[in-house]
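# Working through the structure, step by step
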Amino acid sequence: MSLPRAFALLCCAAALAVVCFAGQATMATAASVDWPDAFQQNNRLGRGVNIIGYDPLWRDPSKARFKDEYFKLIREAGFNHVRINLHPFRDRAMDQQDKLTEQYLKTLDWAVEQALANKLLVVLDFHEFQEMARQPKSKKPRMLAFWQQLAEHYKNAPPEVLFELLNEPNSELTPELWNELLRETLAVVRQINPKRTVVIGPGQWNNINMLEKLKLPDDDRHIIVTIHYYSPFDFTHQGAAWAGRKDKVGIAWKGTDSEKQAILTDFHKAQAWAEKHRRPLYLGEFGVYDRADMDSRVRWLSFVTREAEKLGWSWAYWQFDGDFIVYDIPNNRWVEPVLKALIPPKSKQP
Ligand code: BGC
């Protein structure tokens, strides 16, 4: 099904267009969708999960691990959105002229349509953070070319589709350089999508401590600010080879007062920044690698999600499949302790 057709099916009713998502129905004239502000959008994002960043489906849909029915499962489990991690520099997504291939856009349209049809909001997250961190200057034209095309392709998508300019800027892409790059990228997006909600995070891997250095255009109020949280890193990344911790396992998180206080101190720092700058906050990634003991994982995940929610933040768990998993694809079942820590059954919203 084409995107316009999917949106039309979702949004039609007699003379007025009815825009229906996340179980809500908002009346709007057909010509002018009433663009929600960033705080409303953040409330609607609510609880989410990162999906398909490392799924072979981008190269070959016949090899997909993620199946159509998972969108429905995700919604039924109580999530309100998905954050789709995009790697257009690999996955044979761009040709020599930096043009996105038809195949790539077709796959992406499939994911966006399926999410929307299942009343999930969608964050389109440009996840080429490693390439951008290594060579921010030489890769900039590709990043801008990507956003130019994505902004054009989704210019008629409903407000339930959000753009995230770049996951975790770091290393050579310093907070200062990132401030310049984010302005240029945002300008490209804003030419075509003046009011779409855009997600932007601070430098050094979307670190709370770098919020002070983040410079956003004051007059653009359609921005949600994202932070990522994996502290204490020795605990959340124990056993993770890519983080130099392959053999460093057996670290518990007991939930002592001082362990909790360390998290609260970080969160309150972020919240103070958000209030001062009048920006909504999105905890776009957090999680504990599968090698940690399950009881500790559950304690940490419950604490982080509940505290984020108390502060009015939206969040997206890292991640559905691959590692840190909340869904066990080979056995076709949720990892129940992780899911329940994220979404306690009693707190599920219809
Ligand atoms: C990266 C993953 C990594 C995760 C946790 C994500 O942003 O894309 O490769 O596993 O962070 O470290």
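One structure accompanies this document, and this report is about it. (Residues numbered from 1 in each chain as written. Predicted model: local features only at pLDDT ≥ 70, side-chain atom pairs only at ≥ 80, totals over all residues. Heavy atoms only, no water.)

This part takes up the sheet that holds strand E5 (residues 121–126). Strand order in the closed barrel formed by eight strands is E3-E4-E5-E6-E7-E8-E9-E10, and the pairing between neighbours is parallel. Mean inter-strand twist for the sheet, computed between neighbouring axes without regard to direction, equals 25°. Pairing between strand E7 (residues 198–200) and strand E8 (residues 223–229): three bridges, direction parallel. In the strand pairing of E8, valine 198 is matched with isoleucine 223. (Pairing = 2+ DSSP bridges. Helix = DSSP H or I, 4+ residues; strand = E, 2+ residues; numbered from the N terminus. Axes fitted to C-alpha atoms, helices over the stretch in contact; angles between N-to-C directions.)

Another aspect to go through is the site of the ligand. The immediate surroundings of the ligand are formed by Tyr54, His127, Phe129, Asn167, Glu168, Tyr230, His237, Trp242, Glu285, Trp318 and Phe324. A distance of 2.5 Å separates an oxygen atom of the ligand from a polar side-chain atom of tyrosine 54. Considering the ligand on its own, with 310 Å² of exposed area, one finds that the protein chains cover 87% of that surface. Looking at the shell around the ligand residue by residue, the classes come out as six nonpolar, three polar and two charged. (Near = heavy atom within 4 Å. Polar contact = N/O pair within 3.5 Å; in protein donor to acceptor, adjacent residues only side chain to side chain. Areas by Shrake-Rupley, 256 points an atom, 1.4 Å probe, with all protein chains shown as cover. Nonpolar A, V, L, I, M, F, W, Y, C, P; charged D, E, K, R; others polar.)

In this structure the tally under the stated criterion is 29 aromatic pairs. Judged by centre distance (5.2 Å) and plane angle (85°), the ring pair of phenylalanine 66 and tyrosine 70 falls under edge-to-face. A residue is classified by how much of its surface remains accessible, and phenylalanine 66, at 3% relative accessible area, is buried. Owing to a relative accessible area of 0%, tyrosine 70 belongs among the buried residues under this scheme. Ring geometry for phenylalanine 89 against phenylalanine 126: centres 5.6 Å apart, planes inclined by 75°, an arrangement best described as edge-to-face. Note that phenylalanine 89 is positioned in the loop between strand E4 (81–86) and helix H4 (102–117) and phenylalanine 126 in strand E5, a separation of 37 residues in sequence. (Phe/Tyr/Trp six-rings, centres within 6.5 Å; stacked < 30°, edge-to-face > 60°. Buried < 20%, exposed > 50% of the residue type's maximum accessible area, 1.4 Å probe, protein only.)

Turning our attention to unusual backbone geometry. Proline 232 follows serine 231 through a cis peptide bond whose omega is -5°. Geometrically, the link from tryptophan 318 to glutamine 319 is a cis peptide bond, its omega value of 0° lying close to zero. Mapped onto the fold, glutamine 319 is located in the loop between strand E10 (314–317) and strand E11 (327–328). Residues other than glycine seldom take positive phi values, yet aspartate 98 does so here, at roughly 65°.

It is worth spelling out H4 at this point. An α-helical turn contains 3.6 residues, so a residue and the one three or four places further along point in the same direction. Its 16 residues place the ends of H4 22 Å apart at the C-alpha level, agreeing with the 22 Å of an ideal helix rising 1.5 Å per residue. Immediately beyond the C-terminal end of H4, within one or two residues, lies lysine 119, with a positive phi of roughly 60°. (Expected span 1.5 Å × (residues − 1).)

Counting through the fold element by element, phenylalanine 233 comes out in helix H9 (residues 233–236). Its relative accessible area of 35% is what places phenylalanine 233 among the partly exposed residues. Sequence-wise, phenylalanine 233 and valine 288 are 55 residues apart; in three dimensions their C-alpha atoms are separated by 9.0 Å. Aside from chain neighbours lying at most four places away, what touches phenylalanine 233 is Gln238, Ala243 and Arg245. (Contact = heavy atoms within 4.5 Å.)

One finds Leu124 and Phe320 to be the most contacted residues of the largest nonpolar core, which totals 100 residues. When residues no more than four places from it in sequence are discounted, the contact partners of leucine 124 are Ile84, Leu86, Leu108, Val112, Trp147, Leu150, Tyr154, Val161, Leu162, Phe163 and Glu164. Among the nonpolar cores identified, the runner-up in size contains nine residues, and Leu45, Leu121, Leu162 and Ala316 belong to it. (Core = buried A, V, L, I, M, F, W, Y, C linked by side-chain atoms within 4.5 Å.)

A few words on the pattern of salt bridges. Enumeration over the complete set of coordinates arrives at 18 salt bridges. Across the pair glutamate 131 and lysine 139 runs a salt bridge, and its minimum N-O distance is 2.7 Å. The partner of aspartate 234 in a salt bridge is arginine 245, and the shortest N-O contact between them spans 2.9 Å. Taken together, the residues span a long stretch of sequence, with aspartate 234 in helix H9 and arginine 245 in the loop between H9 and helix H10 (257–277) at a distance of eleven residues. Exposure remark for arginine 245: the relative accessible area of 18% places this residue in the buried category. The network of salt bridges with shared partners includes Arg83, Asp125, Glu164 and Glu285. (Salt bridge = Lys/Arg side-chain N within 4 Å of Asp/Glu carboxyl O.)

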